[in-house]
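Summary of the model geometry
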Amino acid sequence: MASYSHAEHVEHVHEEHPPEPHYSSRVSPSVLGMFLFIGTEIMLFGAFFTAYFFVRVVAGTAWPTPPFHLPIFVAFVNTCILVTSSFTMHWALQSVKRGNVWGLRAGLLLTFLMGLTFLVTQGIEYSRVGFALKDGAFATIFYCLTGLHGAHVFVGLSILLFMTIRAFRGHFSPEDHRGVEIGGIYWHFVDVMWIVVYTTVYIL
Amino acid sequence: MRNPLRSETEAFRFLIAVIVGALVIVGAAYINTWLGVAAAILAVAGIGWWLKDEPVPGAHEPPPPLESTTPPGTHRVLVVAPPGTPSVHVDAKATEIVVVVPALASKVEALTGAVDDRRAEAEQTAATLARELSRDGVPVRGEVGADDPVLAVDDALRTFGADEIVVAGDAELVGRIRQRTTVPVSPA
C-alpha cells in the first residue's frame, strides 16, 4: 500500500514490540507459500520431464538404450516401500490427533526407516545399473530424474529425522502437531512424484 | 479449486488418486500403446476434474469477523472512501486517522496489471482527504488499498487498530463492511 503522511505518524500500538506481519487477506501466507512451493516444483520436475519426453518421443531414442536394462523389479519393490511409508506417515498423524503418542513415534520411525531403505536401495541400484551419467542422453535423463527425486527424498528424510526426534522428546500433542502435518504433506508429495517418475521412466 | 497439498490428509488422498491413475495408465498401455496414451489423458483430466470440483473444506463458511484493539485514551478512525470522494466528515474526538482509498480496477485491468491509472486516482484521493482531515496535530495517513473496499478494510485493520470505521459509500457497502468486522461502522 502506498502511504502519504500529512502529520507526524505516532504508532501507539507497536511501541513495545515489532508490528504484526502485514499480508493481504485474499490469500493466507501458508496457502500462498504452498502454492508457490507447488509451482516451483512443477517447473523443476517439468523441465526434466520435458527433456525426458524430448529424448524419448521427439528424438526417438530407444528406452533404455541397448544394451542397457533398467532394474524394473528392484524399483518396483522400492516403490512399494515408499508407498507404504506414506501409509505409516498418515498413521503417525492420525495417531497424534487421537493422542496416541506411541503410534506417532512408531509411525514416524517406520516412515524414516522405509525412506532410508528407499534411498539406500536407489544408491545400490546406481552402483549396479551398468551405465554412467555420461553414457548418452538416456543415461543422463535417467540419473537426472531419479537423482532429482532422490534429492527430494533426502530432504524429506532430514525433515523426518527432526520430526522423529521431536516426537520422542514429547513435542507433539493432539492440539499442537503442525510440524508433523507439514512434514507429512512434503512426504506425500515426494511419493506422488516418485509414482510419476517410476511409471514414466521404468514402466512405460 | 482444491489445493491437493493443503493438509496431510488431502495430500494422502491425492497420492491415492495418483496411484490409481498410474495403475490405469500402465494397464491400458500394456494392452495397447495408444490406449495407454488415451488412459493418460483421461487420468490426468480425471484428477484435474477431481481437484476442480472437490469442495474445499470450510470454503463456504464466512471468515470470522475481524476484531480490533486500540490503546486506552485514543480514538482511532479508519476512513474508507472510493476514488473521487471530495470530502469526508470525521468526528472531532478522533486522535488518529487512516484514510484508505481502494484502487477500484476492473477485472480486465486487474488481470492484465494495468492498474496504474486506478492507483494514481486512489493516491490522489487519499492525499486530498488526508490533507483535508489534518487538523490540530491529529496524525492522518492516506493509503491506497486493495481493489475491493471490504478487502481494503480487512488489510488496513491488520496493521491499524481502529475504534471506528467511517465509510464513504452506499448502504450496501456499509453493510458488507459491518458483516466483516466487529468495529463500529458508520456512513460518512
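So, here is what we can say about the structure in this document.

Here is what the cut-offs are and how they apply
- Residues numbered from 1 in each chain as written.
- Chains lettered and ligands numbered in written order.
- Predicted model: local features only at pLDDT ≥ 70, side-chain atom pairs only at ≥ 80, totals over all residues.
- Heavy atoms only, no water.
- Helix = DSSP H or I, 4+ residues; strand = E, 2+ residues; numbered from the N terminus.
- Buried < 20%, exposed > 50% of the residue type's maximum accessible area, 1.4 Å probe, protein only.
- Areas by Shrake-Rupley, 256 points an atom, 1.4 Å probe, with all protein chains shown as cover.
- Phe/Tyr/Trp six-rings, centres within 6.5 Å; stacked < 30°, edge-to-face > 60°.
- Axes fitted to C-alpha atoms, helices over the stretch in contact; angles between N-to-C directions.
- Parallel < 35°, antiparallel > 145°, perpendicular 65-115°, else oblique.
- Left-handed = near helix turned anticlockwise from the far one by under 90°.
- Contact = heavy atoms within 4.5 Å.
- Nonpolar A, V, L, I, M, F, W, Y, C, P; charged D, E, K, R; others polar.
- Core = buried A, V, L, I, M, F, W, Y, C linked by side-chain atoms within 4.5 Å.

Some points on the overall build of chain A
Across its full length, chain A holds five helices and one strand. Walking chain A from its N terminus toward its C terminus, one meets helices and strands in the order β-α-α-α-α-α. Buried positions account for 41% of the 204 residues belonging to chain A. For chain A, the accessible area works out to roughly 10600 Å², and carbon and sulfur atoms hold 69% of it.

So, the packing of aromatic side chains
Counted by the stated rule, this structure contains 23 aromatic pairs over all chains. Where A:Tyr52 meets A:Trp63, the ring centres are 5.0 Å apart and the plane angle is 85°; that geometry is what we call edge-to-face. Within this pair, whereas A:Tyr52 is found in helix H1 (residues 29-58), its partner A:Trp63 is found in the loop between H1 and helix H2 (72-97), the two being separated by 11 residues in sequence. When its relative accessible area of 2% is taken as the criterion, A:Tyr52 is described as buried. Owing to a relative accessible area of 14%, A:Trp63 belongs among the buried residues under this scheme. Centre to centre, the rings of A:Phe87 and B:Phe12 are 5.0 Å apart; their planes meet at 85°, and the pair counts as edge-to-face.

With respect to the packing of H2(A) against helix H5 (residues 178-203) of chain A
The relative placement of two packed helices is expressed as an angle between their axes plus a distance between the axes. Residues and elements named next belong to chain A. Following both chains from N to C, one finds H2 and H5 inclined at 160°, their axes separated by 10 Å at the closest point. Taken together, the axes of H2 and H5 lie roughly antiparallel to each other. In this structure, H2 crosses over H5, and the sense of that crossing is left-handed. Residues Ile72, Ala75, Phe76, Thr79, Leu82, Val83, Ser85, Ser86, Met89, His90, Leu93 and Lys97 of H2 lie in contact with H5, whose contacting residues are Val180, Glu181, Gly184, Trp187, His188, Asp191, Trp194, Ile195, Tyr198, Tyr202 and Ile203. Residue composition of the contact of H2 with H5, by class: 14 nonpolar, six polar and three charged.

Considerations on the environment of B:Trp50
Residues and elements named next belong to chain B. Looking at where Trp50 falls in the secondary structure, it is placed in helix H2 (residues 33-53). Sequence-wise, Trp50 and Ala17 are 33 residues apart; in three dimensions their C-alpha atoms are separated by 9.2 Å. Not counting chain neighbours up to four residues away, the residues in contact with Trp50 comprise Arg13, Phe14 and Ala17.

As for the nonpolar core
With 46 residues, the main nonpolar core has A:Leu108 and A:Val201 as its most contacted residues. Of all the secondary structure elements, the ones that give two or more residues to this core are H1, H2, helix H3 (101-128), helix H4 (136-168) and H5 of chain A. When neighbours within four sequence positions are excluded, A:Val201 is seen to be in contact with A:Tyr52, A:Trp63, A:Leu70, A:Phe142 and A:Leu145. The next biggest cluster of nonpolar side chains, apart from the first, holds 20 residues, and it includes B:Val77, B:Ala81, B:Ala94 and B:Ala130.

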